[in-house]
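# Analysis of the macromolecular model
The primary structure of each chain is shown beneath.
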Amino acid sequence: MTTATETLISPELMMRYGKLIYDVTGIRISPQKQALLANRVRRRLKATNIADFEGYLRHLQKLKPANAEWDLFLQEITTHETYLFRDESHWTWFQDQYLAAISQEAIAGKRPRSLRIWSAACSTGDEAYSAAVCVAACVKQMSPWTIKIIGTDIGIGAVEQARQATFSQRAMKLVPPSLRTRYFTAAEEPEFSKAKPELSALVQFRQHNLLDPLREQPFDLIFLKNVLIYFDEASKQRVVANVLKLLAPGGYLVAGAAEGISDHLKNLKRIHAWLYRNE
Ligand SMILES: C[S@@+](CC[C@H](N)C(=O)[O-])C[C@H]1O[C@@H](n2cnc3c(N)ncnc32)[C@H](O)[C@@H]1O
């Protein structure tokens, strides 16, 4: 008898998997990644006791992408790699220039005392919490502001982990020591840190697919980093159109250096390779 782990996947079936993944997530599985995909799917066959690739594909097609098995499947094919204060230059700009400038503008009565930030494809929430740390560190000058930082991700498991607000020491490695002691405590799990309630009060997390519009008011600042690398041009365009609809006039987009979306951002002012303004 053939077991799930021995089952082979035909090129035709691989194409059907590729199409399903593309339709749901926007991610293109390159021919080089197909062997990897087969191994990853094989793990799900084993876990679900489904005998073959055809059966598992039909199973996925019957389920809604919000289903837990879809989430486990997506976890196999997407990368959730993230950590606090990833890309130091982005956070230096955010803290020293952006937050400083908007507080000055508010003092001069040129903008309301409110700040709305979206971490799009937030994975386990590290980017949203990095923003929260910087905002909280400015809060004396910024009080009483209305702050809303939203993190969204297609992965339900990632969003649930983000809501826990616990971070491994690896994820915390770039958090400056003074901010670490000020805004985090030891979590129940050894070697993990937990964000203090004053930080968690600033952030919210929600499951959301970037191929769909997000129902929200415009944001002053949007982070869109390390997600579109495996998307083709059509999906990038769809995501960027959804994202830009929610970028307020004068708002900033922080994009990953490898995102490959500069062609889709021609209507914004390019400030750095990773920073754009909606003028
Ligand atoms: C590498 S993480 C990036 C995390 C964070 N932005 C950073 O730069 O550290 C990529 C995330 O994109 C999410 N993702 C992939 N396709 C998506 C889609 N269509 N809509 C929303 N999130 C998606 C994955 O679930 C994963 O958590």
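Named according to an unreviewed UniProt entry, the protein is protein-glutamate O-methyltransferase originating from Anatilimnocola aggregata. As its UniProt record puts it under Catalytic activity (unreviewed entry), the protein is described as follows: "L-glutamyl-[protein] + S-adenosyl-L-methionine = [protein]-L-glutamate 5-O-methyl ester + S-adenosyl-L-homocysteine".

### Describing the packing of helix H5 (residues 88-107) against helix H6 (residues 126-137)
Two elements in contact, H5 and H6, have axes whose closest approach is 10 Å; the angle formed by their N-to-C orientations is 35 degrees. When the axes of H5 and H6 are compared, the crossing they make is right-handed. Every residue of H6 that contacts H5 at Trp91, Phe94, Gln95 and Leu99 is listed here: Glu127, Ser130, Ala131, Cys134, Val135 and Ala137. Residue classes in the contact of H5 with H6 are distributed as 7 nonpolar, 2 polar and 1 charged.

### Regarding the sheet that holds strand E10 (residues 275-277)
Across the sheet, which stays open at both edges, the 7 strands sit in the order E6-E2-E1-E7-E8-E10-E9 with mixed pairing between neighbours. Pairing within the sheet leaves two strands with one partner each, and these edge strands are strand E6 (203-207) and strand E9 (269-272). Going across the sheet, the axis of each strand differs from the next one's by a mean of 20 degrees, ignoring polarity. The pairing of strand E8 (residues 247-255) with E10 spans 3 bridges and is classified as antiparallel. Bridge assignment links tyrosine 252 to a residue of E10, and that residue is arginine 277.

### Describing the sheet that holds strand E3 (residues 166-168)
Strand-to-strand pairing in sheets goes through backbone hydrogen bonds, with the strands running parallel or antiparallel. Pairing is antiparallel in the open sheet, where 3 strands are placed in the order E3-E5-E4. Across the chains shown, the open sheet's two edge strands, defined by having one partner strand only, are E3 and strand E4 (184-186). Sheet twist, expressed as the average angle between the axes of neighbouring strands with direction ignored, equals 35 degrees. Inspection of the sheet shows E3 paired to strand E5 (residues 192-195) by 3 bridges, in the antiparallel sense. Its bridge partner being in E5, serine 168 is matched across the sheet by phenylalanine 192.

### Some words on the pairing of strand E1 (residues 114-120)
With respect to burial, E1 is a largely interior element, 6 of its 7 residues being buried. Pairing between E1 and strand E2 (residues 146-153): 7 bridges, direction parallel. Counterpart to alanine 120 in the pairing with E2 is threonine 152.

### Brief notes about the site of the ligand
Around the ligand, a shell composed of 18 residues is seen, among which His80, Thr82, Arg86, Asp153 and Asn226 lie nearest. Interatomic distance of 2.6 Å between a side-chain N/O atom of threonine 82 and an oxygen atom of the ligand. A distance of 2.9 Å separates a nitrogen atom of the ligand from a polar backbone atom of leucine 210. When the free accessible area of the ligand is taken as 600 Å², the share hidden by the protein chains comes to 98%. In terms of residue class, the shell around the ligand is built from 5 nonpolar, 8 polar and 5 charged.

### Considerations on the pattern of salt bridges
All chains considered together, the criterion is met by 15 salt bridges. The salt bridge involving lysine 19 is made with aspartate 23; its shortest N-O contact spans 2.6 Å. Remark: aspartate 23 and lysine 19 occur in helix H1 (residues 11-25); sequence separation between them is 4 residues, near one turn of the helix. Here aspartate 23 falls in the partly exposed class, since its relative accessible area comes to 42%. Taken together, the shared-partner salt bridges in this structure form one network comprising Glu12, Arg16, Glu54 and Arg58.

### Notes on the environment of serine 10
Within the secondary structure, serine 10 sits in the segment before H1. When the C-alpha positions of serine 10 and aspartate 153 are compared, they lie 31 Å apart, and in sequence the two are 143 residues distant.

### Quick look at the packing of helix H3 (residues 53-62) against helix H4 (residues 68-77)
Packing of H3 against H4 brings their axes to within 9 Å, and their N-to-C directions diverge by 125 degrees. By the angle class used here, H3 and H4 are oblique. Seen from above, H3 lies across H4 with left-handed handedness. On H4, the residues that touch Tyr56, His59 and Leu60 of H3 are Glu69, Trp70 and Phe73. The residue makeup of the contact of H3 with H4, split by class, is 4 nonpolar, 1 polar and 1 charged.

### Details of the pairing of E9
Of the strand pairs in this sheet, E9 and E10 are connected by 3 bridges, and their pairing is antiparallel. In the sheet register, arginine 270 faces E10, and the bridge partner there is tyrosine 276. Here E9 folds back onto E10, and the loop between the two strands holds 2 residues.

### What about the environment of tyrosine 83?
Take tyrosine 83: it is sitting in the loop between H4 and H5. In sequence terms tyrosine 83 and aspartate 126 are 43 residues apart; their C-alpha atoms lie 5.3 Å from each other. The residues contacting tyrosine 83, other than those within four sequence positions of it, are Asp126, Arg170, Ala171, Lys173 and Leu174.

Cut-offs applied
- Residues numbered from 1 in each chain as written.
- Predicted model: local features only at pLDDT ≥ 70, side-chain atom pairs only at ≥ 80, totals over all residues.
- Heavy atoms only, no water.
- UniProt positions renumbered as here; feature names shortened; annotations may be inferred.
- Axes fitted to C-alpha atoms, helices over the stretch in contact; angles between N-to-C directions.
- Helix = DSSP H or I, 4+ residues; strand = E, 2+ residues; numbered from the N terminus.
- Left-handed = near helix turned anticlockwise from the far one by under 90°.
- Contact = heavy atoms within 4.5 Å.
- Nonpolar A, V, L, I, M, F, W, Y, C, P; charged D, E, K, R; others polar.
- Pairing = 2+ DSSP bridges.
- Buried < 20%, exposed > 50% of the residue type's maximum accessible area, 1.4 Å probe, protein only.
- Near = heavy atom within 4 Å.
- Polar contact = N/O pair within 3.5 Å; in protein donor to acceptor, adjacent residues only side chain to side chain.
- Areas by Shrake-Rupley, 256 points an atom, 1.4 Å probe, with all protein chains shown as cover.
- Salt bridge = Lys/Arg side-chain N within 4 Å of Asp/Glu carboxyl O.
- Parallel < 35°, antiparallel > 145°, perpendicular 65-115°, else oblique.

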